[in-house]
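The chain contents come next:
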Amino acid sequence: RSGKMAKLTHLVDNEVFRAYATYTTIVLLKMMLMSLITAYFRITRKAFVNLEDTASFGKGESAKKYLRTDPDVERVRRGHLNDLENIVPFLGIGLLYALSRPELSTALLHFRIFAGARIVHTFAYLIPLPQPSRGLSWAVGYAVTISMAYKVLKTVLYL
Amino acid sequence: RSGKMAKLTHLVDNEVFRAYATYTTIVLLKMMLMSLITAYFRITRKAFVNLEDTASFGKGESAKKYLRTDPDVERVRRGHLNDLENIVPFLGIGLLYALSRPELSTALLHFRIFAGARIVHTFAYLIPLPQPSRGLSWAVGYAVTISMAYKVLKTVLYL
Amino acid sequence: RSGKMAKLTHLVDNEVFRAYATYTTIVLLKMMLMSLITAYFRITRKAFVNLEDTASFGKGESAKKYLRTDPDVERVRRGHLNDLENIVPFLGIGLLYALSRPELSTALLHFRIFAGARIVHTFAYLIPLPQPSRGLSWAVGYAVTISMAYKVLKTVLYL
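All of these numbers come straight from a predicted model, not from anything done at the bench.

### Re the overall build of chain A
Here is step 1 of the chain: The number of helices and strands found in chain A is 6 helices and 0 strands.
Here is step 2 of the chain: Reading chain A from its N terminus to its C terminus gives the helix and strand order α-α-α-α-α-α.
Here is step 3 of the chain: Compactness check: chain A gives a C-alpha radius of gyration of 20 Å against a globular reference of 15 Å for 159 residues, more than 25% above the reference.
Here is step 4 of the chain: If one aligns the C-alpha atoms of chain A with their principal axes, the spans along those axes are about 60 × 45 × 30 Å.
Here is step 5 of the chain: Taken over 159 residues, chain A has a buried fraction of 52%.
Here is step 6 of the chain: Across chain A, every contact between residues at least 6 apart in sequence was considered, and the portion connecting residues at least 24 apart equals 71%.
Here is step 7 of the chain: Counting every atom, chain A has about 6,800 Å² of accessible surface; 64% of that belongs to carbon and sulfur.

See the structure below:
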């Protein structure tokens, strides 16, 4: 039993894997933060989508007026969806990349740039910053993921 | 070759990992169920979004009237998107947590509460139950994921 | 150090895992391609959702007319969301399946059919092909994922 546990722990003793775990956790927590920001704007802007969510603001017709879209809420939701579209590929390709024996320094460079780019992307979307801030930060994260995918396919290709 | 296979199998012989695999598969299957529920409501409510999906209901203008949104369809789709937003972090952070040597009993507690919370969340969204049912079940799953993320970062932090 | 690295590499030396890594990378890259197609249609159709994205087309009211939805853009976005809904379960369940000691030939069959089905689904959505092309390709990918989930639960079930 303890022998098996020891084997398992090799993954978390490996520096590349630890770096992957750290940056993946950071970007996933950042993505989860979008839920809280959405809730904050829904409550402060009184803009809801489900009738049961408006019950505390009154009954019947007086509650229905809070069933509406708000530009700030929609903006956060677009940022959240963009996170999903880009962080899911990082989650999968990054894991395979971390297992494909990259140099530690190269791996760190990929993970740090991706995490930084996604954090900049969030600020660029929510403030919002003028383009091309958001576009560039999106493209940097995208390019890092493509670079990791190339390394994965070069290392493991088995069709 | 068989030596390598044996090493691989250590992961699935580890009880924490097996628990992670079981609950992850359960919540992902639950999420996939949302697709079937969406299809069910689209067909019974005759509410479609693609013109090619309405072909069996008639041609031209008579088919176009089925290109519409339906409150029940939209509700399931929101539940599905909420699943994606919350189950993706569980998938990634939960995997790293399962590899970070947690106590089996602690890990089981995390996985069981998360899966239970997401199942309650789905019922709360689809029935719908009065608030704060949905809000609370969402928050419980969110808190479990944060708790696992804390353990991961404490164990592996490598910036 | 090198002893630990050697253990880690067993995963990428395993043929089932290499096949999983290859096909997962392929479907994630295919999903990422949807972002580029969305951007292409947004630019060629001049249909944007953020005011800051329209700045290069003029100022004030003349830019606002490009804040609109376009049927082609919306179609790609639906395809992208459908990818997320189906490729996330494949990512998670497929990983657990690859670690559950399937026969190599059986695993390859699952991975190849899933990847093929998702590629057909994309063409069926974007061209669009008449139904049931899109519905069938969706169902094939869904069934493959269910089949892998069954194998995972049969192998590791730990509630």
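### So, the relation of the copies chain A and chain B
Here is step 1 of the chain: For the pair chain A and chain B, the best superposition has an RMSD of 0.0 Å and corresponds to a rotation of 120° with a translation of 0.0 Å parallel to the axis. Both chain copies can therefore be described as sitting about a three-fold axis. Every residue of chain A has its C-alpha some distance from the rotation axis, and the shortest such distance is that of V88(A), at 4.3 Å.

### So, the UniProt feature "transmembrane region" (unreviewed entry) in chain A
Here is step 1 of the chain: What UniProt calls "transmembrane region" (unreviewed entry) maps, in this numbering, to residues 20–41 of chain A.
Here is step 2 of the chain: From the first C-alpha to the last, residues 20–41 of chain A spans 32 Å; its make-up is 100% helix and 0% strand.

### Quick notes on the pattern of salt bridges
Here is step 1 of the chain: All chains considered together, the criterion is met by 24 salt bridges over all chains.
Here is step 2 of the chain: Among the salt bridges present, the one from R75(C) reaches E52(B), with a minimum N-O distance of 2.8 Å. Of this pair, R75(C) sits in helix 4 (residues 71–98) while E52(B) sits in the loop between helix 2 (15–44) and helix 3 (61–64), which puts the two residues in different chains.
Here is step 3 of the chain: R75(C) sits in the buried class, given a relative accessible area of 13%.
Here is step 4 of the chain: Residue E52(B) is classed as buried on the basis of its relative accessible area, which comes to 13%.
Here is step 5 of the chain: A single network of salt bridges, built from pairs that share partners, joins E52(A), D53(A), R75(B) and R134(B).

### Some details on helix 2 of chain B
Residue and element names in this part refer to chain B.
Here is step 1 of the chain: Its 30 residues place the ends of helix 2 43 Å apart at the C-alpha level, agreeing with the 44 Å of an ideal helix rising 1.5 Å per residue.
Here is step 2 of the chain: For helix 2, the N-terminal cap is N14; the gap from its side-chain oxygen to the backbone nitrogen of V16 is 3.1 Å.
Here is step 3 of the chain: Just downstream of helix 2, K46 is the residue with a positive phi angle, here 45°.

### Here's the deal with the interface of chain C and chain A
Here is step 1 of the chain: Taken together, the contact pairs 42 residues of chain C with 37 residues of chain A.
Here is step 2 of the chain: Roughly 3,500 Å² is buried in total at the junction of chain C and chain A, and carbon and sulfur atoms are behind 70% of that figure.
Here is step 3 of the chain: Taken together, chain C and chain A are joined by 4 salt bridges.
Here is step 4 of the chain: Residues R134(A) and E52(C) are paired through a salt bridge, measuring 3.4 Å at the closest nitrogen-oxygen approach.
Here is step 5 of the chain: Those elements that provide at least two residues to the side of chain C that touches chain A are helix 1 (2–13), helix 2 (15–44), helix 4 and helix 5 (104–126) of chain C.
Here is step 6 of the chain: In the side of chain C that touches chain A, the residues fall into 25 nonpolar, 7 polar and 10 charged.

### As for the packing of aromatic side chains
Here is step 1 of the chain: Considering all chains together, one arrives at 24 aromatic pairs over all chains under this definition.
Here is step 2 of the chain: With a centroid separation of 4.1 Å and 10° between ring planes, the pair formed by F90(A) and F114(A) is classed as stacked. You can see F90(A) sitting in helix 4 (residues 71–98) and its partner F114(A) sitting in helix 5 (residues 104–126), a full 24 residues away along the chain. Across this residue pair, the class does not change: F90(A) and F114(A) are buried.
Here is step 3 of the chain: Each ring, one from W138(C) and one from Y142(C), has its centre 4.6 Å from the other, and the planes form 40°; the classification is tilted. Of this pair, W138(C) and Y142(C) are both found in helix 6 (residues 133–156), 4 residues apart, which corresponds to roughly one turn of the helix.
Here is step 4 of the chain: Since its relative accessible area comes to 10%, Y142(C) is described here as buried.
Here is step 5 of the chain: Of the aromatic side chains, those joined through ring pairs into one cluster are F17(A), Y20(A), F90(A), Y97(A), F111(A) and F114(A).

### What about the packing of helix 4 (residues 71–98) of chain B against helix 6 (residues 133–156) of chain B?
Residues and elements named next belong to chain B.
Here is step 1 of the chain: Orientation of helix 4 relative to helix 6, taken along the N-to-C sense of each, is 25°, at an axis distance of 9 Å. Comparing the axis directions of helix 4 and helix 6 gives the class roughly parallel. By crossing handedness, the relation of helix 4 to helix 6 is classed as left-handed. Here N82, N86, P89, F90, I93, G94, L96 and Y97 of helix 4 come into contact with helix 6, specifically with W138, Y142, T145, M148, A149, K151 and V152.
Here is step 2 of the chain: Its residues assigned to classes, the contact of helix 4 with helix 6 shows 10 nonpolar, 4 polar and 1 charged.

### As for the side chain of H80(A)
Here is step 1 of the chain: With respect to the helices, strands and loops of the structure, H80(A) is situated in helix 4.
Here is step 2 of the chain: Given the relative accessible area of 2%, H80(A) is considered buried.
Here is step 3 of the chain: Beyond its immediate sequence surroundings of up to four residues, H80(A) is in contact with M31(A), M34(A), S35(A) and E85(B).

### Considerations on a nonpolar patch on the surface
Here is step 1 of the chain: A grouping of L109(A), I113(A) and V140(A) is seen on the molecular surface, where their side chains present a nonpolar patch of about 240 Å² in accessible area.
Here is step 2 of the chain: Here V140(A) shows up in helix 6 (residues 133–156).

### Topic: the nonpolar core
Here is step 1 of the chain: Ranked by size, the top nonpolar core spans 108 residues in total, and within it F111(A), F111(B) and F111(C) carry the most contacts.
Here is step 2 of the chain: Sorting elements by how many residues they give to this core places helix 4 of chain A first, with 11 residues.
Here is step 3 of the chain: Leaving out residues up to four positions away in the same chain, F111(B) has contacts with V16(B), A19(B), Y20(B), Y23(B), F90(B), Y97(B), A98(B) and M148(B).
Here is step 4 of the chain: In terms of nonpolar packing, the next biggest core, distinct from the first, is built from 6 residues, M34(B), I37(B), V73(B) and V76(B) among them.

### Here we look at unusual backbone geometry
Here is step 1 of the chain: Following I127(B), the chain continues to P128(B) via a peptide bond in cis, the omega torsion being -20°.
Here is step 2 of the chain: Structurally, P128(B) can be placed in the loop between helix 5 (104–126) and helix 6.
Here is step 3 of the chain: Residues Q131(B) and P132(B) are joined by a peptide bond in cis, for which omega reads 10°.
Here is step 4 of the chain: One non-glycine residue, R101(A), lies in positive phi territory at about 60°.

Conventions we followed
- Residues numbered from 1 in each chain as written.
- Chains lettered and ligands numbered in written order.
- Predicted model: local features only at pLDDT ≥ 70, side-chain atom pairs only at ≥ 80, totals over all residues.
- Heavy atoms only, no water.
- Helix = DSSP H or I, 4+ residues; strand = E, 2+ residues; numbered from the N terminus.
- Rg over C-alpha atoms; globule rule 2.2 N^0.38 Å.
- Buried < 20%, exposed > 50% of the residue type's maximum accessible area, 1.4 Å probe, protein only.
- Contact = heavy atoms within 4.5 Å.
- Areas by Shrake-Rupley, 256 points an atom, 1.4 Å probe, with all protein chains shown as cover.
- Least-squares fit on C-alpha atoms with pLDDT ≥ 70 in both.
- UniProt positions renumbered as here; feature names shortened; annotations may be inferred.
- Salt bridge = Lys/Arg side-chain N within 4 Å of Asp/Glu carboxyl O.
- Expected span 1.5 Å × (residues − 1).
- Polar contact = N/O pair within 3.5 Å; in protein donor to acceptor, adjacent residues only side chain to side chain.
- Buried area = accessible area lost by both parts, 1.4 Å probe.
- Nonpolar A, V, L, I, M, F, W, Y, C, P; charged D, E, K, R; others polar.
- Phe/Tyr/Trp six-rings, centres within 6.5 Å; stacked < 30°, edge-to-face > 60°.
- Axes fitted to C-alpha atoms, helices over the stretch in contact; angles between N-to-C directions.
- Parallel < 35°, antiparallel > 145°, perpendicular 65-115°, else oblique.
- Left-handed = near helix turned anticlockwise from the far one by under 90°.
- Patch = residues over 30% accessible without salt bridge, like charges linked within 9 Å, V, L, I, M, F, W, Y side chains within 5 Å.
- Core = buried A, V, L, I, M, F, W, Y, C linked by side-chain atoms within 4.5 Å.

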